[in-house]
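Here's the letter readout for the chains.
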Number of protein chains: 4
Amino acid sequence: MEMWLKEMQIEGAAMTYKVKETLVRKKTQYQDLAIVDTDVFGRMLVLDGIVQTTIKDEFVYHEMITHIPLFTHPNPKKVLVVGGGDGGAIREILKHPSVEKAVLCEIDGDVIEECKKYLPEISCALDDPRCEIFVGDGIQYVKEHKNEFDVIIVDSTDPFSIAEGLFGGNFYKDIYNALTEDGIFVAQTETPFYLPETVKKVFNDARNIFPVTKLFMAAIPTYPGGYWSFTIGSKKYDPTQVDTTKIPELDTKYYTPEIHKACFVLPKYIQELVK
Amino acid sequence: MEMWLKEMQIEGAAMTYKVKETLVRKKTQYQDLAIVDTDVFGRMLVLDGIVQTTIKDEFVYHEMITHIPLFTHPNPKKVLVVGGGDGGAIREILKHPSVEKAVLCEIDGDVIEECKKYLPEISCALDDPRCEIFVGDGIQYVKEHKNEFDVIIVDSTDPFSIAEGLFGGNFYKDIYNALTEDGIFVAQTETPFYLPETVKKVFNDARNIFPVTKLFMAAIPTYPGGYWSFTIGSKKYDPTQVDTTKIPELDTKYYTPEIHKACFVLPKYIQELVK
Amino acid sequence: MEMWLKEMQIEGAAMTYKVKETLVRKKTQYQDLAIVDTDVFGRMLVLDGIVQTTIKDEFVYHEMITHIPLFTHPNPKKVLVVGGGDGGAIREILKHPSVEKAVLCEIDGDVIEECKKYLPEISCALDDPRCEIFVGDGIQYVKEHKNEFDVIIVDSTDPFSIAEGLFGGNFYKDIYNALTEDGIFVAQTETPFYLPETVKKVFNDARNIFPVTKLFMAAIPTYPGGYWSFTIGSKKYDPTQVDTTKIPELDTKYYTPEIHKACFVLPKYIQELVK
Amino acid sequence: MEMWLKEMQIEGAAMTYKVKETLVRKKTQYQDLAIVDTDVFGRMLVLDGIVQTTIKDEFVYHEMITHIPLFTHPNPKKVLVVGGGDGGAIREILKHPSVEKAVLCEIDGDVIEECKKYLPEISCALDDPRCEIFVGDGIQYVKEHKNEFDVIIVDSTDPFSIAEGLFGGNFYKDIYNALTEDGIFVAQTETPFYLPETVKKVFNDARNIFPVTKLFMAAIPTYPGGYWSFTIGSKKYDPTQVDTTKIPELDTKYYTPEIHKACFVLPKYIQELVK
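The structure presented is a predicted model; accordingly, all values stated were derived computationally and were not measured.

This part covers unusual backbone geometry. Positive phi is not limited to glycine here, since B:Asn147 has a value of about 55 degrees. Following the sequence through the fold, B:Asn147 ends up in the loop between α5 (138–143) and β9 (149–155).

Structure (structure tokens):
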């Protein structure tokens, strides 16, 4: 049977994936959740029709959204992930021995449950004793915590979704306050190729709040355009000035100490968005 | 009318583009040639069903396949492009004032004619007096020229096509001989994500012939996986050791002197292919 | 190159046809017009994205919309086709020796021109001296002619298009008046499977005006649901009471005298729409 | 999530259905079995990628493959269905009060089980005490029964599948022998539009064996071409000579006594296949 998942990446360009099996599909309280098994990318988490993560290429996103801030901070002990219910970010965070606690604040408990069941390669660390799971609204959670986290990672769906409130200045102010005095914030901030204005706006929002703000890129095959931006906002440390010779060996497939620097070198058309 | 171009990027994953207009479609002596106008990427050259280049993202490929070798060589005067009938590489090459002659050796004259007609933004430099066009077999052409070119660029279709002979050791030996004593060779060498073995083999073939061999990457939205490899083989100069402070300002949208270095920094899974 | 025409037959079910060549595509004054050549159905006329007629299966529609009324009327001399710019209905009408004049009233002159150019198998009779072409509004044309035509055929696009005014009671009254005292009207009236309410409404509108009103069906592969309805309204003759033994042999591929009767025998679910 | 089932109806023309849910998908001993829920046709049984039956249009096929032979035979008591694991034919057969026993001989027990579970509207009569289910090879079953059935219905998948042996003269001879002396055989025999040669061959195979052989048609939206042929072979009774005034009222949505006759009236291009 030829069953195809169709993702309209942008009006007029759609990616289609041959599907072997639909493992789960349900309307959760917040979104249309599915986990499907595909020929090319293995199992995929799909929220509201958008591919979030796949067994075959998840490593790029999860390594880059975590190791860049965690190796920028000299001693991250307490880390918060807003969103990220698949657990991939938590898995990478807990590779850092300094981390004592990694809090996952995911609004949709079904994402966590289904990923635990069907994507164990990604969600495996959610049962780690250092991981604390809080099912609830990230905006509220961040508001209620002050001066507490060394690193806050916003691992959300797109801004035109339930995650809308996780993009923009108001939320970033609360994040600033929830961070310790040398804390670091990072968020996935969409594709500069298809959505340059979004990248620009979000970056400027962050820059108005954080003394150090940088954009870095990673090549993710299943994300529209294949090249994804992340915005990092830092109170003190500059991620591009890290002494990479001191970064310890980590079990990764994308991240390397050299990539830590190179990912901040932007193609000219992206550079111009964040000038 | 909903007309969609479907490109099977790999068995089980297809990209589809909404098409506004088919400007030309013909069987040439060598291949199925089409130029179509799409909603998202503007006009596209499609050969044997594979998207070769588009108005919207062609700059990435054409800048990276040319400026990396041309800024590695201190004084490139004579440059050969094998393939590249769309003229994009020639356009970038002729931005270098040192270049006295840029030869285009394209086997399929129809590609040149149709791109001149329908893709003037890309083919515009084919009429430059410094450009010499030779319609014929690149393998033969390279065999017949010795010690002549400072830079040879292999801007071909995929290895599973009429371009098969443009990949691999035999051809690279002839290229080596066609280069001057400090000459540099570069080729597009496919996607490490989908075709790791191809990247590995081609890179090793080049490494067996050239004293300096490196892989570099560029993020090209319309290419499968979105992240494309290029192999550079050099008799003398190391492209990663270029003094980028001396690179003059050029009118580009992707390439920058900083990208010149950063593009050689490979994600770990790609690094391991070329160890 | 894999180029596919996608026709959304109904929200959630789309037919896709592999396209070899796009012969013409233009925005006319009224609609998006295309003629494409497909692997399976040969050349197709596509208006506003909807397949209107194809070389391979056009015979069904054109034979049935014409021979049913023309063999019901004992001596049709003057026939009007509203719409039908491809010329297929005219071609069939002129197979009837009694016909002295067949008027084509098509609003979109481009349809006529392009079909003459690219669909000669269908449009061939448009140059017949008995055919008179009038490019203009069918509603207006019908209003301005009284007691003139023996048969009026409404060969239009769907009611959710520029053809909207060609469906419904107001237009049918004018048709009634434009017919001679024993005149017959026929129209294509959509798919009872997907659009039962449309069939029902249109049929009732006709029944309120014509003494004899009947629905007949034909199996047309490229039309949604594959089974198409036609409504016939007649002032005097009952199409189901024709003495089929007197129908002369005609060069057809679908219509036969036996089909003339059988096509009025409706499956129960369709019968119930027109009770 | 946009999930689409793609059925290649013939090379170059594919029907696609938006899928809400995949209820079951498994490799059985014989085929790839799926039951999916679609937006337009409700639940569908799909075998080896081919749509077999859907909640929305199954009535056409199941009524026509059963009531034509059962109302042709004056007193059918024992009926065999070869294939038909979904139970739709059995459901219709058991509407005939004369029937004492309806045997279902389906090779793939999984089809029966899954249809019982997910398609109760179709499979509902499989639990009727008059229905006897035999899971096994229809060819063998028919060989082993002589002079036993009043009606045998071959409700199989396409001839280019595991059902290959259920088409053609050898099997029809065994069917002839398994029928009582006034028995009637019917089979689904594909689309005359796309596969005229198949229809012709199968019909001729039947005609070589049965004194009375006829083709009849039904309009089935989800079958390729939308218009499906059935071949009936009869030892004694002519299905076109039935006294339809004596056919009792039955709860149907497609079949009527008038349709019983009209379905044998063939369009000319189909008539010519069975001359």
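Right, picking up where we left off after that structure.
The next subject is the pairing of strand β7 (residues 101–106) of chain B. Residues and elements named next belong to chain B. Among the six residues in β7, five count as buried, and that is most of the element. Where strand β6 (residues 78–83) meets β7, five bridges bridge the pair, whose relative direction is parallel. Residue pairing in the sheet places Leu-80 in a bridge with Val-103 of β7. For the segment spanning β6, helix α2 (residues 88–93) and β7, crossover handedness is right-handed. The sheet contact formed by β7 and strand β8 (residues 131–135) spans five bridges and is parallel. Opposite Cys-105, over in β8, you have Phe-134 as the bridge partner.

Turning next to the sheet that holds β7(B). Residues and elements named next belong to chain B. The sheet built from seven strands is open, its strands ordered β8-β7-β6-β9-β10-β12-β11 with mixed pairing. The sheet is open, and its two borders are formed by β8 and β11 (212–219), each paired with just one other strand. On average, adjacent strands in this sheet sit at an angle of 15 degrees to one another, irrespective of strand direction. As paired strands, β9 and strand β10 (residues 179–188) are joined by five bridges and run parallel to one another. Along β10, the bridge assignment pairs Phe-149 with Leu-179. Helix α7 (residues 196–207) rests against β10, β11 and β12 (227–234) of the sheet, and its axis sits at about 145 degrees to β11.

Attention now moves to the relation of the copies chain A and chain B. Relating one copy of the chain to the other takes a rotation about an axis and a shift parallel to that axis. The operation relating chain A to chain B is a screw motion whose rotation component is 180 degrees, with 0.0 Å of axial translation and a residual RMSD of 0.0 Å. The operation mapping one copy onto its partner corresponds to a two-fold rotation axis. Take the interface residues of chain A: 100% of them recur as interface residues in chain B, which is what a same-surface contact looks like.

In this section: the sheet that holds strand β11 (residues 212–219) of chain C. All names here are of chain C. Here seven strands make up an open sheet; going across it, the order is β8-β7-β6-β9-β10-β12-β11 and the pairing mixed. The outermost strands of the open sheet, each flanked by one partner alone, are β8 (131–135) and β11. On average, each strand axis in the sheet is inclined to that of its neighbour by 15 degrees, with strand direction left out of account. The strands that helix α6 (residues 169–178) touches are β6 (78–83), β9 (149–155) and β10 (179–188); relative to β10, the one it contacts most, it runs at about 140 degrees. The sheet contacts of helix α7 (residues 196–207) involve β10, β11 and β12 (227–234), and relative to β11 the element is tilted by about 145 degrees.

Glancing now at the interface of chain D and chain C. The figure often quoted for interface size is the accessible area lost as the parts come together. In this assembly, 41 residues from chain D lie in contact with 41 residues from chain C. Taken together, both faces of the contact between chain D and chain C bury some 3,200 Å²; the carbon and sulfur share is 67%. Its largest share of buried area at the contact with chain C, chain D owes to D:Gly12, D:Phe193 and D:Lys268, together 19% of the area lost on that side. Summed over the shared surface of chain D and chain C, the number is two salt bridges. The shortest N-O distance in the salt bridge between D:Glu249 and C:Lys268 comes to 3.6 Å. Looking at the side of chain D that touches chain C, the elements with two or more residues in it are β1 (2–10), β2 (13–27), α8 (257–262) and α9 (268–271) of chain D.

This next bit is on the pairing of strand β4 (residues 42–47) of chain B. Residue and element names in this part refer to chain B. Buried residues dominate β4, accounting for five of its six residues. Pairing of strand β3 (residues 32–38) with β4, which is carried by six bridges, proceeds in the antiparallel orientation. Paired with Val-36 across the bridge in β4 is Met-44. Connecting the antiparallel pair β3 and β4 is a turn made up of three residues. Sheet topology note: the β4/strand β5 (residues 50–54) ladder contains four bridges and is antiparallel. Residue pairing across strands places Leu-47 opposite Ile-50, the latter belonging to β5. The turn joining β4 and β5, which pair antiparallel and follow one another in sequence, is formed by two residues; a positive phi near 45 degrees is taken by Asp-48.

Glancing now at empty space enclosed by the protein. Any space left empty among the atoms is revealed by the rolling of a water-sized probe across them. Per the stated rule, a full pass over the model turns up eight cavities of 30 Å³ or more. Computed from the structure, the largest cavity encloses a volume of approximately 380 Å³. Within the residue set of the lining of the largest cavity, elements represented by two or more residues are β1 (2–10) of chain A, β1 (2–10) of chain B, β1 (2–10) of chain C together with β1 of chain D. The element that contributes the greatest number of residues to the lining of the largest cavity is β1(B), accounting for three residues.

Okay, the domain arrangement of chain A next. Residue and element names in this part refer to chain A. Domain assignment breaks chain A into domain 1 (3–54) and domain 2 (58–274). For domain 1 and domain 2, the distance between their C-alpha centroids amounts to 23 Å. If you look at the interface, domain 1 gives 22 residues, while domain 2 gives 21 residues. With both sides pooled, the region where domain 1 packs onto domain 2 buries about 2,000 Å², and carbon together with sulfur makes up 62% of that total. It is Gln-9, Tyr-30 and Thr-53 in domain 1 that bury the most area against domain 2; as a group they hold 24% of the surface buried on that side. Summed over the shared surface of domain 1 and domain 2, the number is two salt bridges. For the pair domain 1 and domain 2, the number of links is eight residue pairs in polar contact (both at pLDDT 80 or more). If you list the elements that add at least two residues to the side of domain 1 that touches domain 2, you get β1, β2 (13–27), β3 (32–38), β4 (42–47) and β5 (50–54).

Structurally, the position occupied by A:Ser234 is in strand β12 (residues 227–234). Among the polar contacts listed, one links the side chain of A:Ser234 to the backbone oxygen of A:Tyr237, at a separation of 2.6 Å.

Below, the discussion takes up the interface of chain A and chain B. Listed per partner, the contact involves 41 residues of chain A and 41 residues of chain B. Of all residues in chain A, A:Gly12, A:Phe193 and A:Lys268 give up the largest surface area on contact with chain B, accounting jointly for 19% of the area buried on that side. Where chain A touches chain B, the interface holds 12 residue pairs in polar contact (both at pLDDT 80 or more). Contributing elements (two or more residues each) for the side of chain A that touches chain B: β1, β2, α8 (257–262) and α9 (268–271) of chain A. When residues in the side of chain A that touches chain B are grouped by element, the largest group, six residues, is from β2(A). Here β2(A) runs beside strand β2 (residues 13–27) of chain B; their pairing, made up of five bridges, is antiparallel.

This brings us to the environment of C:His67. Here C:His67 lies in helix α1 (residues 58–72). The contacts of C:His67, once residues within four sequence positions are left out, are C:Thr72, C:Glu92, C:His96, C:Leu250, C:Thr252, C:Tyr255 and C:His260.

All told, the structure shown has 64 salt bridges over all chains when counted by the stated rule. Linking B:Lys246 and B:Asp243 is a salt bridge whose minimum nitrogen-to-oxygen distance equals 3.7 Å. For B:Lys246, a relative accessible area of 68% corresponds to the exposed category. Residue classification places B:Asp243 among the partly exposed positions, given a relative accessible area of 38%. D:Lys27 is the partner of D:Asp32 in a salt bridge, and the nearest nitrogen-oxygen pair spans 3.9 Å. For D:Asp32, a relative accessible area of 5% corresponds to the buried category.

Before going further, it helps to spend a moment on helix α6 (residues 169–178) of chain B. The complete set of buried residues in α6(B) reads B:Gly169, B:Phe171, B:Tyr172, B:Asp174, B:Ile175 and B:Ala178. Residues of α6(B) that are buried sit in contact with β6, α5, β9, β10 and α7 of chain B.

Here we come to the relation of the copies chain D and chain C. When chain D is fitted to chain C, the best match, at an RMSD of 0.0 Å, comes from turning it 180 degrees and sliding it 0.0 Å along the axis. Looking at the interface residues of chain D, 100% of them are also at the interface in chain C, so both copies use one shared face.

On to the side chain of D:Asp205, then. Residue and element names in this part refer to chain D. Residue placement: Asp-205 occurs in helix α7 (residues 196–207). For Asp-205, a relative accessible area of 15% gives the class buried. Setting aside residues up to four positions removed in sequence, Asp-205 forms contacts with Gly-168, Gly-169 and Tyr-172.

Now for the packing of aromatic side chains. Inspection of the entire model under this criterion finds 76 aromatic pairs over all chains. Between the aromatic rings of A:Tyr141 and A:Phe149, the centroid separation amounts to 6.4 Å while the plane-to-plane angle is 40 degrees, which identifies the pairing as tilted. We note that A:Tyr141, like A:Phe149, is buried. Counting every residue linked through ring pairs, the aromatic cluster contains A:Tyr17, A:Phe41, A:Phe59, A:Tyr254, B:Phe193, B:Tyr194 and B:Tyr269. Against the face of A:Tyr176 rests A:Lys235, its NZ or CZ located 4.1 Å from the ring centre. A cation sits over an aromatic face here: D:Lys56 above C:Phe193, 4.7 Å from the ring centre.

Definitions and limits used
Residues numbered from 1 in each chain as written. Chains lettered and ligands numbered in written order. Predicted model: local features only at pLDDT ≥ 70, side-chain atom pairs only at ≥ 80, totals over all residues. Heavy atoms only, no water. Helix = DSSP H or I, 4+ residues; strand = E, 2+ residues; numbered from the N terminus. Buried < 20%, exposed > 50% of the residue type's maximum accessible area, 1.4 Å probe, protein only. Pairing = 2+ DSSP bridges. Right-handed = clockwise from strand over helix to strand, strands pointing away. Axes fitted to C-alpha atoms, helices over the stretch in contact; angles between N-to-C directions. Contact = heavy atoms within 4.5 Å. Least-squares fit on C-alpha atoms with pLDDT ≥ 70 in both. Buried area = accessible area lost by both parts, 1.4 Å probe. Salt bridge = Lys/Arg side-chain N within 4 Å of Asp/Glu carboxyl O. 1 Å grid on protein atoms, 1.4 Å probe; cavity = no way out; pocket = protein on both sides within 12 Å on 5 of 7 lines; lining within 4 Å. Points joined across faces, edges and corners; volume = space filled by probe spheres on them. Domains from an automatic or database assignment. Polar contact = N/O pair within 3.5 Å; in protein donor to acceptor, adjacent residues only side chain to side chain. Phe/Tyr/Trp six-rings, centres within 6.5 Å; stacked < 30°, edge-to-face > 60°. Lys NZ or Arg CZ within 6 Å of the ring centre and 35° of its normal.

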